[in-house]
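Here are the chains, one letter per residue:
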Amino acid sequence: MSTPTYAAEKQVAIAAVRRACVLTASVFNKLVKQETMTKEDASPVTVGDYAAQAVVNTILGRTFPKDPVVGEEDAADLRQESGKTLRERIVQLASETLAAPLAEGEKEEWGLGPNQAQTSEQLLDAIDRGNYEGGRTGRFWTLDPIDGTKGFLRGEQYAVCLALVVDSRPELGVIGCPNLPVSAADPAGPRGCIFVAVRGQGAYQLALDSPFSAPATRLTIPPSTSETLNFLESVEKAHAKLSFNERVGQVLGITRAPTRMDSQAKYCALARGDGGAYLRMPTGVGYKEKIWDHAAGLILVEEAGGVITDGRGEPLDFGLGRTLGENFGVVAAGKDVHERVIAAIKQAKAEEDVAAQANGSIFKLPPELVRMIFEHFADEQHQFWLVWISTICKALMPEVEAALYRTVAVSSCKNATRLCRALVKRPYRALAVRSLVVYITGGASIKQPLKSALPLLTSLKRLELTVDDPSIFPLLLDAPFRLRTLLTGGYYYPDCVEDILASQPSLQRFSLMFTPRREEPLDLEHARTILRPDILPNLRSLTGWVARFPLTLIKHPYPIVHLALVGATRRDITHAISLFGNTLVTLILIRLIDEQSPPECYWPTYMFRHAHLPKLEYFMVADRYDEHADLPLERETMVIPGLREICPALKTIVWGADGTVIDDLQWDFDGMTSRGWAMTVYARMLFDAIPALERVSIYDDEVAASREVMGEVFTRAEDRTVKGPESASISLDEDMWTLRPET
Ligand SMILES: Nc1ncnc2c1ncn2[C@@H]1O[C@H](COP(=O)(O)O)[C@@H](OP(=O)(O)O)[C@H]1O
Ligand SMILES: [Mg+2]
């Protein structure tokens, strides 16, 4: 079946709306402006409403007699004796309007022109044609003869709105706006426009007085940015929650003031680019939006390239009768901004939920304070207190949850799925999450649960994602959060790492710990974008497993303060130091020493040759040997010349040497057999060379493999003498040492 073009319907609807506009404009001029009716009188709105409905329905009754109409008014009151005066006024007005000479595009058989007089009864019947209740299937018209009655009375914006709905979908919409400036750029210029849209045929603006002959302007919603975006909203506070819009605007970073106008003229303004988004959020009194207030607007916006849904992002349902039923408000916007507006609404709504729940709390403390107290108790040791409090006082649940959900970690599929479900169920929980750790290797994929939860985590700042399913990582590309810390890892290196980096300009700390696999050669192309200097302007901390993180490809001297590398060869280290040496404060290396390495390079500070590390304070190195080679035990090679100038600020050196190296040092140095002797010589030489040095620790264990390791420590006393060796254990600072043990 071919798509209907609705050409006849369109022509009739435009003509009917134009006649109704002429009628309402004359009602305004005669009855409102000249104040021939008092406020207590049945009101000019009532007169205009009924009369306009009589005119439009008469035309529809003649042209499409089988089509029912869903309208705002019915004639029951007018038929009463008490309605006589009103009835006569309406009949007179409607008759005059219908009897006006035929205009271009109109036909006599539509009931128009001086030869087509209608009786009073015929006109009341026409009004009653608007009694239809609507429904899921079939076609019907829906009419709002004067939409924006308040605007009409003020002489501001109002609209005559007519739409054809087929099987619950608006297919044709016509909106007449007698008071709307023809061009928003010229607000004092000529007024009066008609807007028309047919599904699949585009949206157009026509001239109100010559809709069929004057050239039509095709409408498209232009793209907007946070700077150009503004909201269109009702004038009437009772019709939409304007304070909520304000908060949504803040979330979106909108700087322009909203444009307020009555009626569906807002949809017209949106369609022609006079505003970026129309927000109509419920005021909470249980009002259900009427289909005639949105049907014509919907098709106009959609045909202008926009998106229209309710406040939750759900489609508007025109198949439920006279109202939009359970839809929650209305949001219309350009394609490029609609999704962001919905996300911002979710955030503002979640905040509101938290605030609303807090009002019922027995503690009348300011919510920020309660939150601070609870956050203080949210650590693992005290969590049960919070849970206990919330079971006693349910009103405190949102604050308690906000504290408990601030930092969340999951390490099994089951828990990850549970967590995601809990976040989706109560968006204020999702809003509370600042730090999320997902560490799941093996097992089923948790992609689906994450897909539903990640878009809600608007406050997330720190994400640690170690998963074996690489298809999870692309989810980060659409995420609403701006991370400061991103730690990634897993079995497969995902192709989209660089795109993720490009989408996270606030990133300060980044870690890439994908398992190096021998069987698969590293695709260096993957790393290319990390090299672009512009994508990570805030990057200060970098951790990587070098086999999957080709450091030598980085050419940009990011001002890295903290660098940790696993599996770094001599070449990687020299390269890193030459790039980041000027800014490094901490440097942590698990280095690979191969057979080709010259013997001197066993001494950790040997790597600083030719370098300049003016800010370096903490240096830790743990060694891995491919093959154990003979050690260079000559004093001359232990400390390179010029070390004082190279790293003048160095305070701490931690060396995790392989056990066999320590054993060699023990047996073989200078012919002495004391285990501590060679270490003591080395440590003392370091203290002599670097005046700032306070501590040297040497551990005969693999530092990377365990959090608590034993070793010998040398310290500089107040009187600058060197003490040690003393046996000690080192506990690795978790935050600094983000590396995970190899398994
Ligand atoms: N509490 C409420 N919430 C939302 N809309 C309401 C409302 N009470 C009335 N309205 C509708 O808001 C329409 C006007 O919208 P706007 O504020 O955008 O101009 C009214 O149309 P009418 O003016 O045709 O009665 C009416 O249908
Ligand atoms: Mg209305």
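Residues numbered from 1 in each chain as written. Chains lettered and ligands numbered in written order. Predicted model: local features only at pLDDT ≥ 70, side-chain atom pairs only at ≥ 80, totals over all residues. Heavy atoms only, no water.

If you look the protein chain up in an unreviewed UniProt entry, it shows as 3'(2'),5'-bisphosphate nucleotidase from Trametes pubescens. You can read under Cofactor (unreviewed entry) in the UniProt record for the protein chain the words "Mg(2+)". What the UniProt record of the protein chain gives under Sequence similarities (unreviewed entry) is the line "Belongs to the inositol monophosphatase superfamily." (UniProt positions renumbered as here; feature names shortened; annotations may be inferred.)

Colleague: Could you give an account of the overall build of the protein chain, naming the residues involved and the relevant values?
Modeller: Within the protein chain, the regular secondary structure consists of 22 helices and 25 strands. A total of 743 residues make up the protein chain; the buried ones form 53% of that total. The contacts of the protein chain with a sequence gap of at least 6 include a subset with a gap of at least 24, amounting to 68%. For the protein chain, the accessible surface area stands at approximately 32,900 Å², while carbon and sulfur atoms represent 52% of it. (Helix = DSSP H or I, 4+ residues; strand = E, 2+ residues; numbered from the N terminus. Buried < 20%, exposed > 50% of the residue type's maximum accessible area, 1.4 Å probe, protein only. Contact = heavy atoms within 4.5 Å. Areas by Shrake-Rupley, 256 points an atom, 1.4 Å probe, with all protein chains shown as cover.)

Colleague: Before we move on, could you go through the coordination of the magnesium ion (ligand 2) and cite the residues and values that matter?
Modeller: Here the magnesium ion (ligand 2) is held by the protein donor atoms Asp144 (OD), Asp147 (OD) and Asp293 (OD), which lie 2.0 to 2.2 Å from it. Counting gaps between the donor residues of the magnesium ion (ligand 2) yields the pattern D-x2-D-x145-D. (Donors = N, O, S within 2.8 Å, 3.2 Å for Na, K, Ca; no water.)

Colleague: Hey, could you go over the site of ligand 1 for me, with residue numbers and the actual values?
Modeller: Surrounding ligand 1, one finds 17 residues, the nearest of these being Ser234, His239, Ser263, Lys266 and Asp293. At 3.1 Å from an oxygen atom of ligand 1 is found a side-chain nitrogen or oxygen belonging to Asp144. In this structure, an oxygen atom belonging to ligand 1 sits 2.6 Å away from a side-chain N or O atom of His239. Its free accessible area being 570 Å², ligand 1 has 86% of it covered by the protein chains. Mapped onto the shell around ligand 1, the elements with two or more residues apiece are β2 (139-147) and β10 (277-280). Examining the composition of the shell around ligand 1, we find that three residues originate from one element, β2, more than from any other. Partitioned by chemical class, the residues of the shell around ligand 1 number four nonpolar, five polar and eight charged. (Near = heavy atom within 4 Å. Polar contact = N/O pair within 3.5 Å; in protein donor to acceptor, adjacent residues only side chain to side chain. Nonpolar A, V, L, I, M, F, W, Y, C, P; charged D, E, K, R; others polar.)

Colleague: So what's going on with the UniProt feature "binding site: Mg(2+)" (unreviewed entry) in the protein chain? Which residues, and what values?
Modeller: When the UniProt feature table is mapped to this numbering, "binding site: Mg(2+)" (unreviewed entry) covers Glu72, Asp144, Ile146, Asp147 and Asp293. A maximum C-alpha distance of 10.1 Å is found for the annotated residues, which run over 222 residues; spatially they form one tight group. Considering the arrangement of structural elements, one finds Glu72 in the loop between β1 (69-71) and α3 (76-79). For Glu72, a relative accessible area of 36% puts it in the partly exposed group. In this structure, Glu72 is in contact with Gln53, Leu143, Asp144, Trp292 and Arg322, ignoring residues within four places of it in sequence. Overall, Ile146 belongs to the buried group, its relative accessible area being 1%. The contacts of Ile146, once residues within four sequence positions are left out, are Thr24, Val45, Gly48, Asp49, Phe152, Tyr158 and Ala159.

Colleague: Provide a residue-level description of unusual backbone geometry, including the pertinent values.
Modeller: At His610, a position not held by glycine, the phi torsion is positive, near 65°. With respect to the helices, strands and loops of the structure, His610 is situated in the loop between β20 (586-593) and β21 (618-625). Even without glycine at this site, Arg720 takes up a positive phi of about 70°. Here Arg720 lies in the loop between β24 (708-716) and β25 (722-731). Given a relative accessible area of 47%, Arg720 falls into the partly exposed group.

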